[in-house]
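Structural features, examined
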Amino acid sequence: QVQLVESGGGLVQAGGSLRLSCAASGRTFSSCAMGWFRQAPRKEREFVAAISWSGRRTYYVDSVKGRFTISRDNAKSTVYLQMNSLKPEDTAVYYCAAVQRGGTYVGVSQYEYDYWGQGTQVTVSS
């Protein structure tokens, strides 16, 4: 089993930055592809970014390309989402997700993931 805990959310002004972290329990993190999703009030959960188990492949939704960066540190069992140039429309609860897939696999659908954190709130003020 994989347990995930997000942190790093908070309130930031438009144009600012936040760095989200997702810590995984145990030593299975390095075997997992990871993803970040977000859900704004009264909206469906949407894909944000994904990274393969090795970190060699990443994928982003168009709306965050050039602003967000996903990375991972397998030694620390942690995946990160660096968010720069934040916009009010980035306001949402951000969730990290994991699936035990190797190689260059990246998942862009929530249905491809088996494990989820409880989420961390990101609020961007105008």
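Please refer to the structure higher up on the page.
Let us look at the structure shown here. Everything numeric in this text was worked out from a predicted model, so none of it was measured.

A short note on the sheet that holds strand β1 (residues 4-7)
Taking strand neighbours across the sheet as the criterion, the four strands line up as β1-β3-β8-β7 in an open arrangement whose pairing is antiparallel. The open sheet terminates on both sides in strands that have one partner only, identified here as β1 and β7 (68-73). Direction aside, the axes of adjacent strands within the sheet are offset by 15 degrees on average. Of the pairings in the sheet, the one linking β1 to strand β3 (residues 18-24) comprises four bridges and is antiparallel in character.

Re unusual backbone geometry
You will see that Arg42, though not glycine, has its phi angle at about 60 degrees, which is positive. Mapped onto the secondary structure, Arg42 falls in the loop between β4 (33-39) and β5 (46-51). Unlike most non-glycine residues, Ser85 shows phi in positive territory, near 50 degrees. By the element assignment, Ser85 lies in the loop between β8 (78-83) and β9 (92-99). Residue Ser85 is classed as partly exposed on the basis of its relative accessible area of 41%.

Regarding the side chain of Arg72
Mapped onto the secondary structure, Arg72 falls in strand β7. Summary of buried charges: Arg72 has no salt-bridge partner, and the nearest side chain of opposite charge, Asp73, is 8.3 Å away. At a separation of 2.9 Å, a polar atom in the side chain of Arg72 contacts the main-chain carbonyl oxygen of Phe29. Reaching out from Arg72, the side chain makes a polar contact with the backbone oxygen of Trp53 at a distance of 3.3 Å.

Let's talk about the pairing of β5
Both faces of the sheet carry side chains from a regular strand, because those side chains alternate between them. Of all the six residues making up β5, five are buried; the element is thus mostly covered by neighbouring parts of the structure. With five bridges joining them, β4 and β5 adopt antiparallel strand pairing. Across the sheet, the residue bridging to Trp36 is Ala49, located in β5. Hairpin remark: β4 followed by β5, antiparallel, with six residues in the connecting loop; positive phi at Arg42, about 60 degrees. Taking the residues between adjacent antiparallel strands as the criterion, β5 and strand β6 (residues 58-60) are bridged by six residues, where Gly55 takes a positive phi near 85 degrees.

Basis of the calculations
Residue positions are given per chain, counted from 1 along the sequence in the order it is written. Note on the predicted model: pLDDT of at least 70 is required for a residue's local features to be given, and 80 or more for side-chain atom pairs to be given and counted; whole-chain, interface and lining totals, by contrast, use all residues. Remark: hydrogens and water are excluded; side-chain values derive from all non-hydrogen atoms of the structure. Strands qualify as paired when DSSP identifies two bridges or more between them. Labels follow the DSSP assignment, with helices taken as runs of H or I lasting at least four residues and strands as runs of E lasting at least two, numbered in each case from the N terminus. Inter-axis angles, ranging from 0 to 180 degrees, are taken between N-to-C directions of lines fitted to C-alpha atoms, where helices are fitted over the stretch in contact. Only protein chains enter the accessibility calculation, which uses a 1.4 Å probe; a residue whose area is less than 20% of its type maximum is buried, one above 50% is exposed, and one in between is partly exposed. We count Lys and Arg on the positive side and Asp and Glu on the negative side, and we leave His and both chain ends out. Every case where a carboxyl oxygen of Asp or Glu lies within 4 Å of a side-chain nitrogen of Lys or Arg is listed as a salt bridge. For this analysis, a polar contact is any N or O atom pair within 3.5 Å, provided that within protein one partner can donate a hydrogen and the other can accept it, and provided that sequence-adjacent residues contribute only side-chain to side-chain pairs.

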